[in-house]
Amino acid sequence: LRFHASDMILKGHSDASYLNASKARSRVGGHFYLGNLESKPEVYNGAILNPVGILRHVASSASEAEIGGLFVNLKEALVLRQILHDMGYPQPTTPIQTDNSTAAGLANNTIKQNKSRHIDRRNHWIRHRVVQRPGPYTNKKNHENKEKII
């Protein structure tokens, strides 16, 4: 575990695993750390928070589990952002990575809504946060892709 000097900018990762908990539920987790501004070289510091848990509802698809994970992690990120702001480190839009392109597209409203009404109903709050602080969610194929959520 290493910590380096940084600009104290909150960054994070979000992930979920589909139908691997009891009663057909899904696990979610996140990883938050402090890094540099986008204009500077990236610094990968040790974690300041790693939230984990099990979704309360039964997800009907892996994408629904992933967007449920984004929801859980976004709530944690809002608390961390407020703490950092109160400590004197105002935050720009916070990038959070996800590995599911459908979840990223639903959050950004960049994919056509067809049979995803149940997902939209439960997690419309994520889209609302994107509108308040615009920035794209992207699918994380490698370490370079990031989405800005809040």
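Please read all numbers here as calculations on a predicted model, not as lab measurements. (Residues numbered from 1 in each chain as written. Predicted model: local features only at pLDDT ≥ 70, side-chain atom pairs only at ≥ 80, totals over all residues. Heavy atoms only, no water.)

Peer 1: What's the story with the pairing of strand β2 (residues 25-35) in this structure? I'm lost.
Peer 2: Of all eleven residues making up β2, eight are buried, and the element is well covered by its neighbours. What sits between the antiparallel neighbours strand β1 (residues 9-21) and β2 is a turn of three residues, in which Lys23 has the positive phi angle 60°. (Buried < 20%, exposed > 50% of the residue type's maximum accessible area, 1.4 Å probe, protein only. Helix = DSSP H or I, 4+ residues; strand = E, 2+ residues; numbered from the N terminus. Pairing = 2+ DSSP bridges.)

Peer 1: Where do I start with the nonpolar core in this structure?
Peer 2: Most often, soluble globular proteins keep nonpolar side chains buried together rather than apart. If you look at the biggest cluster of nonpolar residues, it comprises twelve residues: Met8, Leu10, Phe32, Leu34, Ile67, Leu70, Ala77, Leu80, Leu84, Ile96, Ala103 and Leu106. At the level of elements, β2, α1 (62-86) and α2 (101-108) are the ones that each hand at least two residues to this core. Here this core gets five residues from one element, more than from any other, and that element is α1. Core analysis: the next-biggest nonpolar cluster, separate from the first, contains five residues, Ala16, Leu55, Ala59 and Ala65 among them. (Core = buried A, V, L, I, M, F, W, Y, C linked by side-chain atoms within 4.5 Å.)

Peer 1: Any chance you could explain α2 here in plain terms?
Peer 2: In an α-helix there are 3.6 residues to a turn, and that puts residues three or four apart on one side. Burial analysis of α2 places six of its eight residues in the buried class, which makes it a mostly covered element. Residues of α2 that are buried include every one of Ala103, Ala104, Gly105, Leu106, Ala107 and Asn108, and no others. N-capping of α2 is provided by Asn100, with a side-chain oxygen placed 2.8 Å from the backbone N of Ala103. Once α2 ends, the next one or two residues include Asn109, with phi positive near 65°. (Polar contact = N/O pair within 3.5 Å; in protein donor to acceptor, adjacent residues only side chain to side chain.)

Peer 1: Which parts of the structure should I look at to understand the packing of aromatic side chains?
Peer 2: By convention here, two paired aromatic rings are described through the distance between centres and the angle between planes. Throughout the structure, instances matching the rule amount to one aromatic pair. Judged by centre distance (6.1 Å) and plane angle (40°), the rings of Tyr33 and Tyr44 are tilted. In this pair, Tyr33 sits in strand β2 while Tyr44 sits in the loop between β2 and β3 (52-54), placing the two residues eleven residues apart along the sequence. Exposure remark for Tyr33: the relative accessible area of 3% places this residue in the buried category. (Phe/Tyr/Trp six-rings, centres within 6.5 Å; stacked < 30°, edge-to-face > 60°.)

Peer 1: How should unusual backbone geometry be read in this particular structure?
Peer 2: If a residue is not glycine, its phi is most likely negative; likewise, a peptide bond is most likely trans. Its identity is not glycine, yet Met8 carries a phi of approximately 60°, on the positive side. In this structure, Met8 sits in the segment before β1. Unusually for a residue other than glycine, Ala24 sits at a positive phi of about 60°.

Peer 1: I'm lost on the environment of Leu70 in this one. Help?
Peer 2: With respect to the helices, strands and loops of the structure, Leu70 is situated in helix α1. A C-alpha to C-alpha distance of 7.5 Å links Leu70 and Asp15, two positions 55 residues apart in sequence.

Peer 1: Which parts of the structure should I look at to understand the confidence of the model for the protein chain?
Peer 2: In low-pLDDT segments, the atomic positions of the prediction should not be examined closely. For the protein chain, per-residue confidence averages 79 on the pLDDT scale, and 74% of positions sit at 70 or higher. By mean pLDDT, the top-scoring element of the protein chain is β2 (92), and the lowest-scoring one is helix α3 (residues 117-132) (60). Throughout residues 134-138 the model reports pLDDT below 50, and contacts reaching past four residues in sequence, or to other chains, amount to 24 contacts. (pLDDT = per-residue confidence, 0-100. Contact = heavy atoms within 4.5 Å.)

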